[in-house]
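# Structural description and commentary
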Amino acid sequence: AIDELAYLLHLFNDIEIVGCAQNGIEGLKLAKNFKPDIVFIDINIPKINGLELLKMLENQNIAIIFTTAYDNYAVEAFELNAIDYLLKPISASRLQKALEKAKNFVKKNELQNKKINKIPVEKKGRIYLLDFSEIVFARSQEGFVEISTKDSTFLFKNSMKNLEEKLQNFSQFYRVQKSYIVNLEYILEIIPWFKSTYWLVVKDANKTRIPVSKSNI
């Protein structure tokens, strides 16, 4: 089945095959190593089935196309944001349509990534454009949001909801509770506290501790 799909894909000059996997575990490793634009997945594969693999890849900005002999999983696949669902045997014309959908998905992501990833913040009466990657965490205050970087603090004169909307396409940001958004890349450690709560210790100058419940870990 893999050879048949590979043969069809070789008909398209702008498609390069970077790897093939015989089971879900191998597929997950290949996807993480190569960071492909498009992944083709069968439903019935060993170790991790196709739907479980899709769930593991859904935040990776990868266009997922199912190629399978089973038509009864299509609804669930599309609910998990699969780009297309191809039933075997696959024709070149049907594959081309799926590839066009996948390419549009990839282009849309590329355009989003090219947007200016900065927000206006204030400090001591001056306005700065702060890059999203510099945000360690944000804390909601009355009428504004306090944003902390590794070595400074700024004011974002808008709501926490507005900030969350600006950050929603960046998977490293997580709202750990009502008052805090944390950049997961800056978490230093997680310390158990009491009654199923924890401290998130972040990599700012003060090694700030942020309380979070076990359900949000």
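A short tour of the structure in this document, coming up. For every chain, the first residue of its written sequence is number 1, and the numbers climb from 1 along that sequence. Given that this is a predicted model, residues contribute local features only at a pLDDT of at least 70 and side-chain atom pairs are listed and counted only at 80 or more, while totals for whole chains, interfaces and linings are drawn from all residues. Only heavy atoms go into the side-chain values, all of them from the structure, while hydrogens and water stay out.

What follows concerns the sheet that holds strand β2 (residues 63-68). Pairing between the strands of a sheet is mediated by backbone hydrogen bonds and can be parallel or antiparallel. When DSSP locates at least two bridges between a pair of strands, those strands are taken to pair. By definition, any uninterrupted DSSP run of H or I lasting at least four residues is a helix, any uninterrupted run of E lasting at least two residues is a strand, and each is numbered from the N terminus. Read from one edge to the other, the open sheet built from three strands follows the order β1-β2-β3, with strand pairing classed as parallel. With one partner strand each, in any of the chains shown, β1 (38-41) and β3 (84-87) form the two edges of the open sheet. Each neighbouring strand pair of the sheet contributes to a mean axis angle of 20°, computed without reference to strand direction. Two residues form a contact once any of their heavy atoms are found within 4.5 Å. Helix axes are fitted to C-alpha atoms over the stretch in contact, other axes to C-alpha atoms as well, and angles between N-to-C directions run from 0 to 180 degrees. Lying on the sheet, helix α3 (residues 50-57) is in contact with β1 and β2; it crosses β2 at an angle near 175°.

Strands sit in the order β11-β12-β13 across an open sheet of three strands; the sheet is antiparallel. The sheet is open, and its two borders are formed by β11 (187-192) and β13 (209-213), each paired with just one other strand. When the angles between neighbouring strand axes are averaged without regard to direction, this sheet yields 30°. Bridge count between β11 and strand β12 (residues 197-202): five bridges; the pairing is antiparallel. In the strand pairing of β12, Ile191 is matched with Trp199.

What follows covers the packing of aromatic side chains. In this analysis, rings of Phe, Tyr and Trp, with Trp reduced to its six-membered ring, are considered paired at centre separations within 6.5 Å, and the interplanar angle assigns stacked below 30 degrees, edge-to-face beyond 60, and tilted for intermediate values. All told, the structure shown has eight aromatic pairs when counted by the stated rule. Arranged with centres 6.4 Å apart and planes meeting at 80°, the rings of Tyr70 and Tyr73 form a pair that is edge-to-face. By relative accessible area, which is 38% here, Tyr70 ends up partly exposed. Summarising the aromatic geometry, the rings of Phe78 and Tyr85 are spaced 6.5 Å apart at their centres and angled 45° between planes, so their arrangement reads as tilted. When a residue's accessible area, from a 1.4 Å probe over protein chains only, is under 20% of the maximum for its type it is buried; when over 50% it is exposed; and in between it is partly exposed. Note on Phe78: relative accessible area 40%, which makes it partly exposed. What makes Tyr85 buried here is its relative accessible area of 8%. Linked through ring pairs, Phe66, Phe78 and Tyr85 together constitute an aromatic cluster. The ring of Phe154 carries Lys123 above its face, with NZ or CZ at 5.6 Å from the centroid. Placement of a charge over a ring requires the Lys NZ or Arg CZ to be within 6 Å of the ring centre, with the centre-to-atom vector within 35 degrees of the ring normal.

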